[in-house]
Each structure stands twice: as C-alpha cells, then as structure tokens.
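One-letter residues, chain by chain:
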Amino acid sequence: MDDTMGSILKWLKSPFSILAIPILILFLPLNLLFKLLSHTRGTLFPENVAGKVVLITGASSGIGEHLAYEYAKRGARLGLAARRVDRLQEVATRAQKLGSPDVIVVCIDVSKVEDCKRFIDEAVNHFGQVDHLVNNAGISRSSMDTNFFGSVHCTHYAIPYLKKSKGKILGIASIFAYQPIPQLSSYNASKAALVSFYETLRVECGSDIGITIAIPGLTHSEIVAPQVIAEFGAESFPIESTEVCAKKVVEGVCRGDLYLTVPLDNKLYFWIKTLYPELLERLLRWRFKYTQGFNKDA
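Below is a summary of the structure that appears in this document.

Definitions and cut-offs
- By convention here, each chain's residues receive numbers from 1 onward along its written sequence.
- Confidence filtering applies because this is a predicted model: local features only for residues at pLDDT of at least 70, side-chain atom pairs given and counted only at 80 or more, and all residues used for totals across whole chains, interfaces and linings.
- Only hydrogens and water are set aside when side-chain values are computed; all heavy atoms of the structure are taken into account.
- Paired strands, in this sense, are two strands between which DSSP finds at least two bridges.
- Numbering of helices and strands starts at the N terminus; helices are DSSP runs of H or I of at least 4 residues and strands are runs of E of at least 2.
- An axis is simply a line fitted to the C-alpha atoms; with a helix, the fit covers only the stretch in contact. Between two such axes, the angle follows the N-to-C directions and lies from 0 to 180 degrees.
- Between two residues, a contact is recorded if the distance between any of their heavy atoms is within 4.5 Å.
- An angle below 35 degrees is read as roughly parallel, one above 145 as roughly antiparallel, one from 65 to 115 as roughly perpendicular, and any other as oblique.
- Working rule for handedness: look at the near helix, and if it is turned counterclockwise from the far one by less than a right angle, call the crossing left-handed; if clockwise, right-handed.
- Here the term charged refers only to Asp, Glu, Lys and Arg, the term nonpolar to Ala, Val, Leu, Ile, Met, Phe, Trp, Tyr, Cys and Pro, and the term polar to all other amino acids, Gly among them.

Things to note about the sheet that holds strand E3 (residues 103-107)
One open sheet holds the seven strands; their spatial order is E3-E2-E1-E4-E5-E6-E9, and the pairing between them is parallel. The outermost strands of the open sheet, each flanked by one partner alone, are E3 and strand E9 (259-262). The mean angle between the axes of side-by-side strands here comes to 15°, regardless of whether they run parallel or antiparallel. Two strands pair when backbone bridges link them, and strand E6 (residues 210-216) and E9 are joined in this way by four bridges, in the parallel orientation. By the bridge assignment for E9, Ile-213 is matched with Tyr-259. Where helix H3 (residues 62-73) meets the sheet, its contacts fall on strand E1 (53-57), strand E2 (77-82), strand E4 (132-135), strand E5 (168-172) and E6, and the angle it forms with E1 comes to roughly 170°.

Notes on the packing of H3 against helix H9 (residues 242-255)
Viewed as axis vectors pointing N to C, H3 and H9 meet at an angle of 55°, and their least axial separation amounts to 8 Å. One finds that H3 runs oblique with respect to H9. Crossing hand, H3 versus H9: right-handed. Taken together, the residues of H9 that come into contact with H3 (itself represented by Gly-62, Ile-63, His-66, Leu-67, Glu-70 and Tyr-71) are Thr-242, Glu-243, Cys-245, Ala-246, Lys-247, Val-249, Val-250 and Val-253. Class assignment for the residues of the contact of H3 with H9 results in eight nonpolar, three polar and three charged.

Here you go:
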C-alpha cells in the first residue's frame, strides 16, 4: 500500500501530470461537443449504401441474417457467407425481395484462412469492389479461431479493396468483452481481442477505412438459445430483438459511429469496469457462486 501511494504521489508531482490534468479538464467539453456535432451530422446525412457492395460473414442466422436484410432495404448489393449454404440461399432470396439488386452466397468456414481469401476473391470477381466488410461470424465455444482469427483473415484480404473504395469495416464484438461471464472465458477473450484488433487497425488505417465496433448484449439467436442462457445463469439479462439490434447497428455504421452499444444501457457495464473493476468482479463472482449453488440444489 505504501508503495502504491508513493507511486501515485510521485506521478502527481511529475510535469506530465501537472499539465495533463488541466488539459483533460479543458478539452472534455470540446470533445463532448465534437462528438455531439459528429453524431448529429451522421444522423442528418447518413451514408447512402444503395448500390454499394457489402460482405457479411455469419449471414445464415442471427444478427448476420438481419444485418443482410437491413442493408438490403437500403439497396446494397450483398455477398453473404456462412457454412450452411441452404440457409444462405433462403436469406439471399428474402434480401432480394427486400430490395437488394444483387446477392451472391459463398459457403465458407471463417476459421480456415483459405476460405476467407476465397470469399473476398469471389466477391471481388463478381462485384468488382468492396465497400463494407461485416465481420459477424461467431460461435460460443472453442471460439478463438472463428470469432477472432476469422475476422482478422477476412479483414486482411479485404483491406486493399476497402482502401480503394474508402470503405468501412463493421466488427461485431460483444458486451462480454467487458463483462467476464464465468465459463465463457474463450468467448469473452475472443471478443475482447476483437475490440483491441479493430482499435489498433483504426490507428493504422487512419481515414482510409472507417471502422465501427458494435458491442451488442444478448440477442435472440442460435448461440443465445434458452438452454445456453440457463447454463450460464443469464436469465435475468435483457435480451434484445435481433431485428432491432441489426437495425441500430446498420444505422450506426451509416452514421459513422466509432463504437455502438446495443442496447444503449449496456454502456453501464463499460463504465463500471472502467471506474470500479473490483466491484464488477466481486458482483460477477457472487452471481456465479449463487447460480452454481442454485443449479446444484435443483
């Protein structure tokens, strides 16, 4: 404790801290004003994606499926990828009915590097360009290869085309990147890694590529089935409609948001983790023990 207090006092006496604190206080209102103006401008003048090419992984169900429908309603051309080609065909048919002028489907497994490359190559050969890449594919267990590296590899092969079109990347992370739910360590880690990956990529790409990190909570999908919710003691967590989630996410991308939390009140977890990490950990630990004891008694 003495060493900690000594370090804090030493930092407070340093020239950096003497300048940094008033600068942060001074620029906070300006930063908030800038964010408000940017949000307002994006809301009033969102990107028109009609005719643009949007590639979506994990498009056969859940959030990915409904992201396809939302982009279709806006007139985007779609490249849809997933492992189940029969489901992809159904999604493609509905997307065309909703307004997409051209849809292709590519059966891939994003955990395989060669499949990621093939998806981008087939889309470029068909459309001639890529404007939006939506890295959505995800699974709940043994998920690092799919959730993280699948997004990394698709992004790697799409970047040259996205730079050319001044396009955008939409990365679907999760609130569990900030809220470490027990027994889902691999899933939590994969989503936290995604956030760090996209933030780093945003610095590297600068203004060449816009990157939106979507942070949804629980949504109705195959990986959030009732038995999964019960297994991890998440019955009391709010579950968002997949359709509503997808609509808000596409609106955020077209608005140019850097981060997008759905539903908005999930931002509370981010602030608790930032300001009171020990409290969040204790609450989750208590909840986990309570749930385990309840399930054992049942």
